[in-house]
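Listed here are the chains, written in short residue letters.
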Amino acid sequence: MKKSERMNQMLRFINQKQQFTLQDLMQEFQISKRTALRDIASLEELGAPIYVEYGRYGGYRLLQQMQLPPISFNTGELHALYFAMQALRSFSSLPFQVSFRTIHEKFMSALSDKQRQDIENIQHRVYFQHTEQIRDSAHLEFLLMAAVQSIVIQITYANQRRSSDQRSSSANTIRTIQPIALYARKGYWYCQAYDLHKQAYRVFRCDRIISAETTEIEPLTHVKELYSQDAQSLWKPSEQAIPFKCLIDEAGMELFQQEHFPSMQIIEKMGHMYLVGSYEPHELDFIVRYLAGYGKSIKIMEPIILQKALRQYYLDLLDHV
């Protein structure tokens, strides 16, 4: 990192912390003690109001917050930002109703002629193959803000696929949930949430949420501070859940890393690797389709009903060949 760039980042770092030590700067910017001392001297020359506190628990204190210069990006950061935006291209539905085209135009117009030429040259050398969004999700912004603000909401949820002109059916249910996080996967948006009626963690496909509105119900304290990475801890199988066990090879474990669910895991036993988990009785067709994607990489050990269902699945496929 160039010194001028480090100075810019260091200004923002100390402006946020207000109180810091040499060790803080050394760890944050991976520099030596001597370099940290020189950088502090350079910051003081730039007018940073830094006050030294002596003693065992001393350090440095910023006497007042500074007016920081506009954020600037180096060439590598600009390239990283541009290609990060490419992930937006395949989604017609996004929280806050932003579009790739609008962001792309604003980003490109803010670049210098040389930076714009660099980006255009890179476009011809790098290609992203996206999974296109399959269905629109009308309530993403509402769901996201409910998750951020810990609001309990009521949704009308289509349990089965519905046609574009079928707004309601007997398959639709009213659910009271507390959203935790949103994520996009294989062309669909999903909402991790806590179902207050079932008192269990659930994942809802956002395109199947027909309507959504706030409630006056107080948010649950044990859910309020959860985030996407620890929401999995809420998932629990029902009393009717059926355990399964499959022998799995190395290729299968790679497939598992690409796609798996909270109800399953990989374990080692007696020198062999197994895919184990459980599924609800109504999820038999779903788990069969999921396991079929492993091909020869797995062998179902139990239960027998799952073995038979997978065999029948393959026989049905043969009828269509």
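Every chain begins its residue count from 1, and numbering advances along the sequence as written. The predicted origin of the model limits local features to residues at a pLDDT of at least 70 and limits the giving and counting of side-chain atom pairs to 80 or more, whereas totals for whole chains, interfaces and linings rest on all residues. Derived side-chain values reflect all non-hydrogen atoms in the structure, with water molecules and hydrogen atoms excluded from consideration.

Where do I start with the sheet that holds strand β2 (residues 50-53) in this structure?
Hydrogen bonds between backbone atoms are what pair the strands of a sheet, whose relative direction is either parallel or antiparallel. We treat two strands as partners when DSSP finds at least two bridges between them. Runs of E in the DSSP output that reach at least two residues are strands. Runs of H or I that reach at least four are helices, and both are numbered from the N terminus. The strand order across the open sheet formed by three strands is β1-β3-β2, and the pairing between neighbours is antiparallel. Taken across any chain shown, the strands that pair with only one partner, and hence form the sheet edges, are β1 (19-20) and β2. Relative to strand β3 (residues 59-62), β1 runs antiparallel, the two being bridged by two bridges. For Phe20, the partnering residue across the bridge sits in β3 and is Tyr60. The strands touched by helix α3 (residues 33-45) are β1, β2 and β3; relative to β2, the strand with the most contacts, the crossing angle is about 135 degrees. Between two residues, a contact is recorded if the distance between any of their heavy atoms is within 4.5 Å. Comment: axis = line fitted to C-alpha atoms, over the contacting stretch for helices; angle = value between 0 and 180 degrees taken between N-to-C directions.

Whenever I open this one, the pattern of salt bridges confuses me. Can you help?
Working definition: two side chains of opposite charge can pair if their charged atoms are close together. Each reported salt bridge corresponds to a side-chain nitrogen of Lys or Arg within 4 Å of a carboxyl oxygen of Asp or Glu. Inspection of the entire model under this criterion finds six salt bridges. A salt bridge links Arg61 to Glu53, with the nearest nitrogen and oxygen atoms 2.9 Å apart. Note that Arg116 and Asp113 form a salt bridge whose closest N and O atoms lie 3.1 Å from each other. Here Asp113 and Arg116 lie together in helix α6 (residues 113-123), a separation of three residues that amounts to about one turn.

Even after reading the chapter, I still don't get the layout of surface pockets, so can you show me in this structure?
Empty space among the atoms can be located by rolling a probe the size of a water molecule over them. Method remark: on a 1 Å grid restricted to protein atoms, a set of points is classed as a cavity if a 1.4 Å probe fits but cannot get out and as a pocket if it is open with protein on both sides within 12 Å along at least five of seven lines; lining residues have an atom within 4 Å of a point. Grid points are joined across faces, edges and corners, and a volume is the space filled by probe spheres set on the points. One number sums up the size of the largest pocket: a volume of about 1800 Å³. Secondary structure elements with two or more residues in the lining of the largest pocket: β5 (172-185), β6 (188-195), β7 (200-205), α9 (250-258), β11 (272-279) and α10 (284-292). The classification used treats Ala, Val, Leu, Ile, Met, Phe, Trp, Tyr, Cys and Pro as nonpolar, Asp, Glu, Lys and Arg as charged, and all other residues, Gly among them, as polar. Within the lining of the largest pocket, the residues separate by chemical class into 18 nonpolar, 12 polar and 13 charged.

It is not clear to me how the state of the cysteines should be interpreted in this structure. Could you clarify?
Disulfides are covalent bonds that link the sulfur atoms of two cysteine residues. Pairs of cysteine sulfur atoms within 2.5 Å are identified as disulfides in what follows. All told, the structure shown has zero disulfides when counted by the stated rule. Left unpaired, Cys206 is separated from the closest cysteine sulfur, that of Cys191, by 5.4 Å. Burial classes follow relative accessibility: with a 1.4 Å probe on protein chains only, a residue under 20% of its type's maximum area counts as buried, one over 50% as exposed, and anything between as partly exposed. According to the relative accessible area criterion, Cys206 is buried, its value standing at 1%.

Looking at this structure, I do not really get empty space enclosed by the protein. What am I missing?
Under the definition given, this model contains one cavity of 30 Å³ or more. Volume-wise, the largest cavity comes out at about 30 Å³. Forming the walls of the largest cavity are Thr75, Leu78, His79, Leu111, Gln115, Asp118 and Ile119. Taken together, the elements giving at least two residues each to the lining of the largest cavity come down to α4 (75-85) and α6. Classifying every residue of the lining of the largest cavity by side-chain character gives three nonpolar, three polar and one charged.

Hey, could you run me through the environment of Phe256 in this one?
Along the chain, Phe256 turns up in helix α9. Counting along the chain gives 10 residues from Phe256 to Ile266, while the straight-line C-alpha distance between them is 8.3 Å. Look past the residues within four positions of Phe256 in its chain and what remains in contact with it is Met264, Gln265, Ile266, Leu275, Tyr290 and Tyr294.

Before we go on, may I ask you to explain the packing of helix α1 (residues 3-17) against α3 in this structure?
When two helices pack together, you describe them by how their axes are tilted relative to each other and by the distance separating the axes. Contact geometry for α1 and α3: axes closest at 11 Å, N-to-C directions at 80 degrees. One element, α1, and the other, α3, form an angle in the roughly perpendicular class. Mapping the contact onto sequence places Lys3, Arg6, Met7, Met10, Leu11 and Ile14 in α1 and Thr35, Asp39, Ser42 and Leu43 in α3. Each residue belonging to the contact of α1 with α3 can be placed in one class, and the counts come to five nonpolar, two polar and three charged. Any angle that is under 35 degrees is reported as roughly parallel, and any over 145 degrees as roughly antiparallel; angles of 65 to 115 degrees are reported as roughly perpendicular and all others as oblique.

Distances and angles like these do not, on their own, reveal function.
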